[in-house]
Amino acid sequence: MKIKSLVLGTAAAFSVASMAIADRGSDGHVNIIYWQAPSILNPYLSGGTKDVESSSMIIEPLARYNQDGELTPWLVNEIPTVANGGVSADLMSITWKLTPGIKWSDGSALTAHDVVFTGQYCMDPAGGCAQSNKLADVSNIEALDDLTVKVSFSVTKPFPYGPFVGAEQPIIQKAQFADCMGAKAPECTAENFGPIGTGPFVVTDFKANDVISMEANPHYRDASKPAFASVTFKGGGDAAAAARSVLETGEFDYAWNLQIDPTILSQMAEGGKGEVISSFGTAVERLMVNLSNPDPALGDKRSTLEGGPHPFLTDAAVRRALSVAIDRNLLAEVGYGAAGKATCNVVPGPAMYVSTANDECLVQDIAKANNILEAAGWKRGSDGVREKDGVRLSILYQTSTNAVRQDTQALVKQWWSEIGVETELKNISASVFFGGDQSSPDTYQKHFSDIEMYTNLFSGTDPEAYMGSWVCSEMPMPSNNWMGNNMPRYCNPAYDAMAAELATTAAIEDRARIVMAMNDMLMQEGAMIPLIHRGRVSAHSNKLGGVVQNTWDSELWNVADWYRN
Amino acid sequence: MTEELTTKRTSQWKDVWLQFKTHRGAVIGMIVFSIICFLVAFGPWFWTLDPNYIDIRAKNQGPSFLHPMGTDQLGRDTFSNLLAGGRVSLLVGVTAMALSVLFGTLIGVISGFFKRLDGPLMRLTDLFLALPLLPLLLVMIMLFRDTLRGLFGPETGIFILIVSAIGLTSWMPIARIVRGDVLAVKEREFVLAARSLGTHNTQMITRHILPNVMSPIMVSATLSVAAAIITESALSFLGLGFPSDFPTWGRLLYDSTNFMKLSPERVIYPGLAISLTVLSVNYIGDGLRDALDPRIRGR
Amino acid sequence: MLKYTIRRLIFTVPVLLFISLVIFLLLDLAPSDPTGNLPMTVPPEVREQIRLALGLGEPMYWRYLMWCNQFFIIEPLNIIEQAWGFCWGDCENRTRVMSWATRSPVVDLIIERTPQTLWVVGMSYVVGIIIAIPIGVISAYRQYSWFDQTGTFIAMVGFSVPTFFTGVLLIVIFSTLIPTDSIFWLPSIYDTTHKVTDWDSFIFQIRQILMPVFVLALYNAAQISRFMRASMLDNLSLDYVRTARAKGMKERVVLLVHVLRNSLIPVVTVLALNIPHVFGGAIITEQVFKVNGLGALLILGIEGADIPLVQTLTFIFAILIVLFNLIADVLYGILDPRIRYD
């Protein structure tokens, strides 16, 4: 995969060189299909990936992550650091200097006031901004002059690149959105459907949840870009249909997020009309163990600390055996193909954070798993299911509805049956499972099951907030309305102490060391069982060049460099 | 008097059977349907491969001696899945059909026959027609899944839930259709004649009205078997159906749709099973309708 | 009849209000959540803020009254103002029914999507009826002939094979196996931005609706032809047919004037039940061909728990159901004058 992305990278670099002499709009029309249709082009009002990525063609942040996860200046000339004086020595503020001469698509100039406005827009509590966590701890944003903006924090920020970095935090135009603050934000339909941006394209027509028509931005900062004069950005259907339209019928040039059976995808790719590309970020498909008791007889105390410990999952031997019995490589091969690889870590990237201390689980060993259980005193009963002191190893295993997840469930169920563990499968509609409805028993926060499976990830490259998910205070429970990220109900003071240390450590090497130690503690104590490091998989037509797959930012981050082969 | 009536009754049912036998399509339909039911009920005893057993090395295989209908993407045997899936699909189809026909006919006849009840019952029908199925199911699952799971176990519990959900949301067209016909039938001369002979309402409905609205009921019944099987598959696909280790024909068909080009036979078998069932049920329905109609029976 | 119709129309108002309340309660009770589709990187506190900004913090009865106010007063006002281009009172600051996912007025979304739904779903009903009625009539008249047998077989297969299957099958054949430059090649993705302006664009429009219309028409024709046939069969054996024939009427007149007219009651019922579905769209077929019509809008709304959108769509759907069932009742009286409601 690395070689492929490297090759693609050079191809892109080459194209950049060759494009310099081409004219804007000389390559005609390009068709993009996202099978989840964009519903709005303002990522502050909708955090959905489809909305963030479609809007990234129009509005841009100050800096982006490139395909290797490195910060890349976008609307600025350089990334502020402590060394170049952009970040204050006490780590309490960061100062960005905009590149002079950048224009909005209406011809007016981009200024620091637009950046300040963007921050205020998202921080208005009445607006329900979906990205407000990126602006957490921001105490003040001010424009020092027309091109300089200073963001101050109320606490020390060892990693100050939250605000205005990445596709989720683009700069919007003050002149356009000035009347759309706070409670007024959702009413500005015209603005939300057609934001004025600095990006390579401008919206000409937006049909919500259907199709966006765009054309090249006449005021884009590079006079030779974009190569395409117009874009159709279609949404709808399903992943298989999107893949078919690029790889088989050739109606579209680029299709996003093709999570379908790898056999079908490779068969489609054999047609020779296009190419499947993938790359890896931080997403990990994992099993979340429930350390509290989900017995329905407990009523209100179900799956809470007060309900008491889980009857058998609190036994570390059981958790280890469950993990060792799984053939992760096979799961990756069957369900994900090029878009998945086995992992034993909850932090799978970037490379400097990845631990190798847990690689025991990479190899499936049913015999070893059986021995572990046997040694821990779990004996097989007459029906082959192990039990100890009247407690049977019987697991309710829930996840959201999705073809790949159901295949994974079936495989895992079979392996667990080989080590004497009985499994009941349950799948729940994704909108219920991931929704936070208080009255529903089926949300992933409530975790009214023994094991649940889903994917989690962190955006950008800094895992601090992500690692903070498993401290004691993050446990979902009735008193905090089941809001919290600590689904396993894991609680270890040593882990909490490391999380606190991470929050005050600035040196990148030290941060990596702490993150690795935290990851290892979670893995070795079996709070969760990671399965697959998931990549993004997309497809582009052979007639489309310049595509560089990027998992750290929007997939369409370099759409200005795309060209017709 | 009573004796005379019973003997007359038995001979009438015999007549019905004799007439049914002369309907070639119905007899063939009956045979095919019996074979399907037999295979589905007893097949798993002869074909003992576990439908959920995964043999990953044998994935996506074509038909072979070991797997007469090939295997799926995880190496599960298609034939045993078809047998196991048939049990669920047939049960869902027939039970949901029975429920909706019972409900629909009852409400249709009552509201067509009794003018006073027509308004309220038809407005109730309108209400049910307007309810969106998916949110209704989400609510039903939220409220009842755990209770039913506790009472009947995970599989029977969800079965009851799904069958009642499909039945509860598909009786309305039948009710409307039956009512429309009842409105017309009850104005015919023979009803007036029966009424002047002093026939009671109950008898009027069972002896005179119902037999005359039988054909739309039969058509609705056969169509609703197919509709129930397909609705179930749509529900599984939305995550509201049976657990994933619980094969059904609809789910098999849905899962294999994307494999259409790779292994076409995988799509054909479940599709064929559903079509055959629906066709045979339809011919049985046709035969029954003819057999129950005294005017045709005489011919 | 007129009196009956007027009485029914008046009674429709409280019925519809009650239906809207039931739908609202149902949607409110349903466990899906508008923040359920956000990426995992959005923390729970932010999700709660989003919910509050959507107004989910308000009590239920208040949200229902708000919707009623927006739907029954503000939206009609807005339509009137748009049509005559004036502004009555505080027209700038009135909040229309807003979709949560797109933050735009629901009614505008519906209007935007109606054309493609009418093209595809509406056309499929027209085609379905045109095919189904003759097939039903001939099948009944020549019962158990080869025509009847074939018709029954095709209808039953058409009804028992789900549209998600026939749709993909057609795409595989006509979009992938046939080369793109062939005249038989058909697009697998519906272009909603396409506008019919001249003959060529009309031909393109026909080509892009061909597959979805065929899939849906097959299904509709199957259903309608079965009811038509059964009802014709019932009537063919009745005494009045014999009388008409005995009086020396032409067979065609007997069949098409007397029998057909009397057999239409169940067909009218089925049609009245189905026509609102033209508006409801065809969820699966729309998804297979990426038509993105009203069916797709509804399913997206349900999945994303976009309550104002789903509420408005289902309620408009309910209005149509109630109206068309009323029309069916009136038609019964016209088709069979013996039916009286008073």
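So, here's what we can say about the structure. Worth saying up front: this structure is predicted, and the values here are computed from it rather than measured.

Definitions and cut-offs
- Residues numbered from 1 in each chain as written.
- Chains lettered and ligands numbered in written order.
- Predicted model: local features only at pLDDT ≥ 70, side-chain atom pairs only at ≥ 80, totals over all residues.
- Heavy atoms only, no water.
- Helix = DSSP H or I, 4+ residues; strand = E, 2+ residues; numbered from the N terminus.
- Rg over C-alpha atoms; globule rule 2.2 N^0.38 Å.
- Buried < 20%, exposed > 50% of the residue type's maximum accessible area, 1.4 Å probe, protein only.
- Expected span 1.5 Å × (residues − 1).
- Contact = heavy atoms within 4.5 Å.
- Salt bridge = Lys/Arg side-chain N within 4 Å of Asp/Glu carboxyl O.
- Polar contact = N/O pair within 3.5 Å; in protein donor to acceptor, adjacent residues only side chain to side chain.
- Nonpolar A, V, L, I, M, F, W, Y, C, P; charged D, E, K, R; others polar.
- Phe/Tyr/Trp six-rings, centres within 6.5 Å; stacked < 30°, edge-to-face > 60°.
- Lys NZ or Arg CZ within 6 Å of the ring centre and 35° of its normal.
- Pairing = 2+ DSSP bridges.
- Buried area = accessible area lost by both parts, 1.4 Å probe.
- Axes fitted to C-alpha atoms, helices over the stretch in contact; angles between N-to-C directions.
- Disulfide = S-S within 2.5 Å.
- Bend = angle between axes of the 7 residues up to and from the residue.

## Quick word on the overall build of chain A
Alright, step 1. Counting its secondary structure elements, chain A contains 15 helices and 21 strands.
Alright, step 2. Against the globule reference of 24 Å for 565 residues, chain A gives a C-alpha radius of gyration of 25 Å, in line with a compact fold.
Alright, step 3. Along the three orthogonal principal directions, the C-alpha set of chain A runs to about 75 × 55 × 45 Å.
Alright, step 4. Taken over 565 residues, chain A has a buried fraction of 64%.

## Digging into helix α11 (residues 403–418) of chain A
Residue and element names in this part refer to chain A.
Alright, step 1. An ideal rise of 1.5 Å per residue puts 22 Å on 16 residues; α11 measures up with 23 Å between its terminal C-alpha atoms.
Alright, step 2. With 12 of 16 residues buried, α11 is to be regarded as a mostly interior element.
Alright, step 3. Turning to α11, its buried residues number three or more, namely Val404, Arg405, Gln406, Asp407, Thr408, Gln409, Ala410, Leu411, Val412, Gln414, Trp415 and Trp416.
Alright, step 4. Count one or two residues on from α11 and you reach Gly420, which has phi positive near 80°.

## A closer look at the interface of chain C and chain B
Much of the literature gives interface size as the accessible area that the parts lose upon coming together.
Alright, step 1. The interface of chain C with chain B comprises 64 residues on the first partner and 55 residues on the second.
Alright, step 2. In this assembly, chain C and chain B are joined by four salt bridges.
Alright, step 3. Across the pair Arg229(C) and Asp286(B) runs a salt bridge, and its minimum N-O distance is 3.3 Å.
Alright, step 4. Counting every contact that joins chain C to chain B gives eight residue pairs in polar contact (both at pLDDT 80 or more).
Alright, step 5. Its residues placed into classes, the side of chain C that touches chain B shows 43 nonpolar, 11 polar and 10 charged.

## With respect to the packing of aromatic side chains
All names here are of chain A.
Alright, step 1. Throughout the structure, instances matching the rule amount to 40 aromatic pairs over all chains.
Alright, step 2. On the numbers, 6.0 Å between centres and 75° between planes, the contact of Tyr44 with Tyr121 is edge-to-face. Of the two residues, Tyr44 is situated in the loop between β1 (29–34) and α2 (49–55) and Tyr121 in helix α3 (residues 112–123); the sequence distance between them amounts to 77 residues.
Alright, step 3. Relative to Trp416, the ring of Tyr397 has its centre 5.7 Å away and its plane inclined at 40°; by these criteria the two rings are tilted. Of this pair, Tyr397 sits in strand β16 (residues 394–400) while Trp416 sits in helix α11, and the two are 19 residues apart along the sequence.
Alright, step 4. By relative accessible area, Tyr397 is classed as buried at 0%.
Alright, step 5. Between the NZ or CZ atom of Arg64 and the centre of the ring of Trp74, over which it lies, the distance is 5.0 Å.
Alright, step 6. The ring of Phe280 is capped by Lys341, whose NZ or CZ atom sits 4.0 Å from the centre of that ring.

## Focus: the pairing of strand β19 (residues 528–541) of chain A
As a general feature of sheets, a regular strand has side chains that alternate between the two faces.
Residue and element names in this part refer to chain A.
Alright, step 1. With 13 of 14 residues buried, β19 is to be regarded as a mostly interior element.
Alright, step 2. As paired strands, strand β11 (residues 274–289) and β19 are joined by 13 bridges and run antiparallel to one another. Within β19, the position partnered with Val284 by the bridge is His533.
Alright, step 3. As judged from the three bridges shared by strand β12 (residues 340–342) and β19, these two strands associate in the antiparallel manner. Bridge pairing links Gly340 to Arg534 in β19.

## Some details on the interface of chain B and chain A
Alright, step 1. The partner chain A presents 31 residues to the 29 residues of chain B that form the contact.
Alright, step 2. Around 2400 Å² of area is buried between chain B and chain A when both sides are counted, 52% of it from carbon and sulfur atoms.
Alright, step 3. Across the chain B-chain A interface, the total number found is five salt bridges.
Alright, step 4. Salt-bridge contacts for Arg149(B) lead to Glu424(A); the nearest nitrogen and oxygen are separated by 2.9 Å.
Alright, step 5. Those elements that provide at least two residues to the side of chain B that touches chain A are α5 (133–168) and α9 (214–237) of chain B.
Alright, step 6. Of the residues forming the side of chain B that touches chain A, the biggest block, seven residues, is contributed by α5(B).

## Examining the sheet that holds strand β6 (residues 148–153) of chain A
Residue and element names in this part refer to chain A.
Alright, step 1. One open sheet accounts for three strands, arranged β4-β6-β5; its pairing is antiparallel. Both edges of this open sheet fall to β4 (93–97) and β5 (138–145), since each of them pairs with a single strand only. Strand-to-strand twist of the sheet, defined as the mean angle between neighbouring strand axes without regard to direction, takes the value 15°.
Alright, step 2. Summarising the sheet, β4 and β6 pair through five bridges and their orientation is antiparallel.

## Brief notes about the pairing of β1(A)
Residue and element names in this part refer to chain A.
Alright, step 1. Along β1, five of the six residues are buried, which leaves the element largely enclosed by surrounding structure.
Alright, step 2. Pairing geometry for β1 and strand β9 (residues 230–235), over six bridges, is parallel. Pairing of His29 across the sheet is with Ser230, part of β9.
Alright, step 3. By the bridge criterion, two bridges tie β1 to strand β10 (residues 254–255) in an arrangement that is parallel. Following the sheet pairing, Ile33 is matched in β10 by Ala255.

## What to know about the side chain of Ser440(A)
Alright, step 1. Tracing the backbone shows Ser440(A) in the loop between α12 (430–433) and β18 (451–456).
Alright, step 2. Judged by relative accessible area, which is 0%, Ser440(A) ranks as buried.
Alright, step 3. Setting aside residues up to four positions removed in sequence, Ser440(A) forms contacts with Val432(A), Lys446(A), Met142(B) and Pro31(C).

## Considering the state of the cysteines
Alright, step 1. Scanning all chains against the criterion turns up four disulfides over all chains.
Alright, step 2. Cysteine pairing for chain A, with bonded cysteines counted in sequence order: 1-2, 3-4, 5-6, 7-8.

## Structural notes on helix α4 (residues 106–141) of chain C
Alright, step 1. Compared with an ideal rise of 1.5 Å per residue, which puts 36 residues at 52 Å, α4(C) spans 49 Å between its outermost C-alpha atoms and is within 8% of the ideal.
Alright, step 2. The largest bend along α4(C) reaches roughly 40° and is located at Thr117(C).

## Some points on unusual backbone geometry
Residues and elements named next belong to chain A.
Alright, step 1. Here the amide bond leading from Lys225 into Pro226 is cis, since omega sits at -10°, within 30 degrees of zero.
Alright, step 2. Secondary-structure assignment places Pro226 in the loop between β8 (211–216) and β9.
Alright, step 3. Between Gly349 and Pro350 the backbone carries a cis peptide bond, its omega angle lying at -10°.
Alright, step 4. Position of Pro350 relative to the elements: it lies in the loop between β12 and α10 (366–375).
Alright, step 5. One non-glycine residue, Leu91, lies in the positive phi region at around 60°.

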